[in-house]
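# Overview (structure and organization)
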Amino acid sequence: DHIHFQACPRKHMPLENRVESLLGTGGSGSLEYLSGIREARLYHLKEYARGVFVICAETAKSQAKLFYRLLDCSPVKDGDSEPRINVISWHSAGEYRTIVIFRETHRPHHYFLEGPDRIAMSPGCADMGGVFVAPRKEDFDKMDSAMLERIVDEVTIPEEDEHSIIWRLTRDQKKLEVGIMSADEIVFE
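Residues numbered from 1 in each chain as written. Predicted model: local features only at pLDDT ≥ 70, side-chain atom pairs only at ≥ 80, totals over all residues. Heavy atoms only, no water.

### Observations regarding the pattern of salt bridges
Note the cut-off: The salt bridge definition used is simple: a Lys or Arg side-chain nitrogen within 4 Å of an Asp or Glu carboxyl oxygen. Runs of E in the DSSP output that reach at least two residues are strands. Runs of H or I that reach at least four are helices, and both are numbered from the N terminus. Exposure is judged per residue with a 1.4 Å probe applied to protein chains only, and the accessible area is read against the type maximum: over 50% gives exposed, under 20% gives buried, and values in between give partly exposed.
With the rule as written, the count across this model stands at 11 salt bridges. Close ionic contact of glutamate 95 with arginine 41 constitutes a salt bridge, the shortest N to O distance being 2.9 Å. With glutamate 95 in strand 5 (residues 95-102) and arginine 41 in strand 2 (residues 40-45), this residue pair connects regions lying 54 residues apart in the sequence. Judged by relative accessible area, which is 9%, glutamate 95 ranks as buried. We note a salt bridge from lysine 137 to aspartate 141, for which the minimum N-O separation is 2.9 Å. Note that lysine 137 and aspartate 141 are positioned in helix 4 (residues 137-142) at a spacing of four residues, about one turn of the helix.

### Regarding the pairing of strand 2
How we decide: Two strands pair under a simple rule: DSSP has to find at least two bridges between them.
For strand 2, the tally of buried residues reaches five of six residues, placing the bulk of the element in the interior. Across six bridges, strand 1 (residues 31-37) lies against strand 2 in antiparallel orientation. Note on strand 2: the bridge partner recorded for glutamate 32 is histidine 44. Here strand 2 folds back onto strand 3 (residues 52-57), and the loop between the two strands holds six residues, one of which, tyrosine 48, carries a positive phi near 80°.

Everything listed here is a matter of coordinates, which is why it stays silent on function.
What follows is the structure in structure tokens.
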């Protein structure tokens, strides 16, 4: 229902830096290869949050192909026309690189509370990339790593949706061979 474009200098987003590090070391078990085409690869990031995928491509066209394939394999909430996502993109080491973070909701429940339990944080792309913005001092004072983890956990997709996306991306289609037959009557069993 809305779109925001944000820009920041390279290497200022902790999630971007982590992905760069993992790509440089071959993934270290945290970056799982899922699928690819000739000039592009799609990975699942198995740390930080659920529903985080990474696309690396030599060409913009190849990147777009894998991006749309990922979206085609993703659930769409009732009433929405497309999946809820945050996208972080950059160019590095001769490749287009994109992180796609699937969202369950725009805001955690704390945003809607009244009184001292309210936290007016509404995590956008920068927040999901690791730069959390607290609009009020009292919100900043309430933050610790456990609270940030709960907020990220609440706004990202459920585990079953993440598994569904991965299954759709990696499932094997059995090969079916059909011969041409001709007869007065053909019986199948």
